[in-house]
Amino acid sequence: MAEELQISQGGKDEKYALLYKQIVALVENEDDAIANMANVAAMIHTTFGFWWTGFYRVIDSELILGPFQGPLACSRIAYGRGVCGTAWKEAMTQVVPDVEKFPGHIACSSASKSEIVVPVIKNGEVAAVLDIDSEHLATFDATDKLWLERIVGLL
Ligand code: SME
């Protein structure tokens, strides 16, 4: 059991390592933030087959939906609201194993069971958040947090 767990963790780590290299190459050749967010969302989404993968950008006093892959989502989220608004307010990654247990979680889809939201920090301020939803409980762990923080650091 422990061995199986290690193998599956290793698989995820390897996938992220490869993805990271591909994203380094991508952003080296493109400086448009929206184009890069669009391709990063597509690359993460297709690599792992998550339910929803996308960005919300901080515009004035709210988060506005940006490039994403997956079903329709809420267009605007207020500061401090839901998992995304909390990641913005605290400027810290939120790992939520069970969205029903997160006070104020915004259910864009009832299929979403667990979630990770990683702030994109530019010049010391949160400029956007990367939100990933899974239709399974407890999909995200410290490995996802580590690699996704590295990935958004490239943007
Ligand atoms: N669940 C998020 C809202 C965004 S959707 O999941 C795409 C939240 O609570 O902030």
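Summarised in this report is the structure supplied together with it.

Conventions adopted
- Residues numbered from 1 in each chain as written.
- Predicted model: local features only at pLDDT ≥ 70, side-chain atom pairs only at ≥ 80, totals over all residues.
- Heavy atoms only, no water.
- Helix = DSSP H or I, 4+ residues; strand = E, 2+ residues; numbered from the N terminus.
- Buried < 20%, exposed > 50% of the residue type's maximum accessible area, 1.4 Å probe, protein only.
- Pairing = 2+ DSSP bridges.
- Axes fitted to C-alpha atoms, helices over the stretch in contact; angles between N-to-C directions.
- Contact = heavy atoms within 4.5 Å.

1. Some thoughts on the environment of L19
Turning to step 1, where the next piece is worked out: Within the secondary structure, L19 sits in helix α1 (residues 2-28).
Turning to step 2, where the next piece is worked out: On the accessibility criterion, L19 (1% relative accessible area) is buried.
Turning to step 3, where the next piece is worked out: For the pair formed by L19 and N123, sequence separation is 104 residues and the distance between their alpha carbons is 25 Å.

2. A word on the sheet that holds strand β1 (residues 52-59)
Turning to step 1, where the next piece is worked out: Strand order across the open sheet formed by six strands is β3-β2-β1-β6-β5-β4, with antiparallel pairing between neighbours. Among the strands making up the open sheet, the edge pair consists of β3 (76-78) and β4 (94-96). When the angles between neighbouring strand axes are averaged without regard to direction, this sheet yields 25°.
Turning to step 2, where the next piece is worked out: With three bridges connecting them, β4 and strand β5 (residues 114-122) associate as antiparallel partners. Within β5, the position partnered with V95 by the bridge is I116.
Turning to step 3, where the next piece is worked out: Sheet strands in contact with helix α2 (residues 33-48) are β1, β2 (62-69) and β6 (125-134), and its direction is about 155° off that of β1.
Turning to step 4, where the next piece is worked out: Packed on one face of the sheet, helix α4 (residues 142-152) meets β4, β5 and β6 and runs near 30° to β5.

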